[in-house]
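Structural overview
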Amino acid sequence: MAKQTKLTSIQRAAAVIISLGADRASEVYKYLKEDEIEQLSLEIAKLDRVTPEEMQETIEDFYGLCVTQKVISEGGILYAKDILEKAFGAQQASSLLERLNKSLRSRSFEFVRKADYKNLQMMLANEHPQTITLVLSYARSDQAAQIIAELPRNLQLDVIERIAQLDRVSPEMINIVETTLEKRFSSLVSTDQVEVGGVPYIAEIMNRVDRTTEKFIFDELEKRDATLADEIHKLMFVFEDIINLDTMAIQRFIREVDTKDLAVALKGSNEDVKQVILQNMSSRVRESIEQDIQFLHNIRMRDVEEAQQKIVGIIRQLEESGQIVIAKGEGDELLA
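The structure displayed is predicted, hence computed values, not measured ones. (Residues numbered from 1 in each chain as written. Predicted model: local features only at pLDDT ≥ 70, side-chain atom pairs only at ≥ 80, totals over all residues. Heavy atoms only, no water.)

1. Overview of the environment of Gln121
If you trace the backbone, Gln121 turns up in helix α7 (residues 117-124). Sequence separation between Gln121 and Ala144 is 23 residues, and the spatial gap between their C-alpha atoms is 9.4 Å. The residues contacting Gln121, other than those within four sequence positions of it, are Ile147 and Glu150. (Helix = DSSP H or I, 4+ residues; strand = E, 2+ residues; numbered from the N terminus. Contact = heavy atoms within 4.5 Å.)

2. Details of the nonpolar core
Counting residues in hydrophobic clusters, the biggest one holds 37 residues, and the most contacted among them are Leu136, Ile148, Val159, Ile163, Ile205, Met206 and Ile232. Only α7, α8 (129-138), α9 (141-150), α10 (153-165), α12 (199-206), α13 (211-224) and α14 (226-234) provide two or more residues apiece to this core. Excluding residues within four positions of it along the chain, Ile148 makes contact with Leu136, Gln156, Val159, Ile160, Ile163, Ile205 and Ile217. Judged by nonpolar contacts, the second largest core, of 30 residues, contains Ala249, Met281, Leu296 and Ile324. (Core = buried A, V, L, I, M, F, W, Y, C linked by side-chain atoms within 4.5 Å. Buried < 20%, exposed > 50% of the residue type's maximum accessible area, 1.4 Å probe, protein only.)

3. Observations regarding the packing of aromatic side chains
Using the criterion set out here, one finds zero aromatic pairs in the structure. Positioned above the aromatic ring of Phe216, the side-chain terminus of Arg153 is 4.3 Å from the ring centre. (Phe/Tyr/Trp six-rings, centres within 6.5 Å; stacked < 30°, edge-to-face > 60°. Lys NZ or Arg CZ within 6 Å of the ring centre and 35° of its normal.)

4. Brief notes about the side chain of Gln309
With respect to the helices, strands and loops of the structure, Gln309 is situated in helix α19 (residues 301-320). In this structure Gln309 comes out as buried when scored by relative accessible area, which is 16%. When neighbours within four sequence positions are excluded, Gln309 is seen to be in contact with Asn207, Arg208, Val209, Arg211 and Glu214.

5. A word on α7
Taken as a whole, α7 has its buried residues at Tyr117, Leu120, Gln121 and Leu124. Viewed end-on, α7 has its buried residues packed into an arc of 100 degrees, placing them on one side of the element. (Arc of directions from axis to C-beta.)

6. Quick look at the pattern of salt bridges
On inspection of all chains with the given rule, the structure shows nine salt bridges. Here Arg12 makes a salt bridge to Glu57, at a shortest N to O gap of 3.7 Å. Linking Arg12 in helix α1 (residues 9-20) with Glu57 in helix α4 (residues 52-88), this pair joins segments that are 45 residues apart in sequence. The exposure classification of Arg12 matches that of Glu57, with both residues buried. The salt bridge partner of Arg252 is Glu256, with a shortest N-O separation of 2.7 Å. Placement of the pair is Arg252 and Glu256 together in helix α15 (residues 247-256), with a separation of four residues, close to one helical turn. Here Arg252 falls in the buried class, since its relative accessible area comes to 16%. (Salt bridge = Lys/Arg side-chain N within 4 Å of Asp/Glu carboxyl O.)

Below, the structure written as structure tokens:
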């Protein structure tokens, strides 16, 4: 498999446009939105040098995605998987399908991702759990987390299970729901099935809900489906998982955390987490935090949970920006 380029996604798109030449590039522009044209043109103007290796890898990658789209359109997901594995090998075929599915998923329900979650919540208030499940599978994970947290308790579990078990939905069904909920309709994919929801997505949602909601859902879900609860847990990062971070990651997130939040969070944490964090501080900061913890009295559990959730949010942001790495589950060990 080709070495991963250092170019960003928009730089790779710019490189493809440049390689097409002015005439063909102008034809591609006809299918883009104004903001896409503006962003892409700006990146083309900024793009200075691309090594021959980077250009070759970018073009080959683009070709692979084009082939993937074509075979999906012609024969569906299973047909595409078979053809792509024969053409590119199982690993690269899987990667191409996954990336294309993510891209296709972002085209439908665009209005949902732009909506304020309160407006979205009002729109879904009287909808069937199946409809709520489908819409939240296309929403941003932070939107879905906020909405799920405010659903009735019994409905929370129903929607969580449905999203986790959701695999593929026909474009016709997407069309019906999207048109009903919002008059304007963005272009639908031409595949037989579109991949949505699933356990990884529900884990992302659960990472964003408040700790009280998270605890309730997992307590109840473990009674209903312990295997599913375990699958979701394995893909999540929670406050107690700080003990699994390496020293550099712990020291990095400590620099970003408000010391007041850290003191409150540690006041209600288990001893293992507390020691791991304190051991990665300078003696001066450690003494200050320990003193703060000692003088904290009558702290509500809700305040502790909020402080811990803030810290988890900072850790996740650092991971998303590539500043730290979180190993998740078995088989994801970090190599020196």
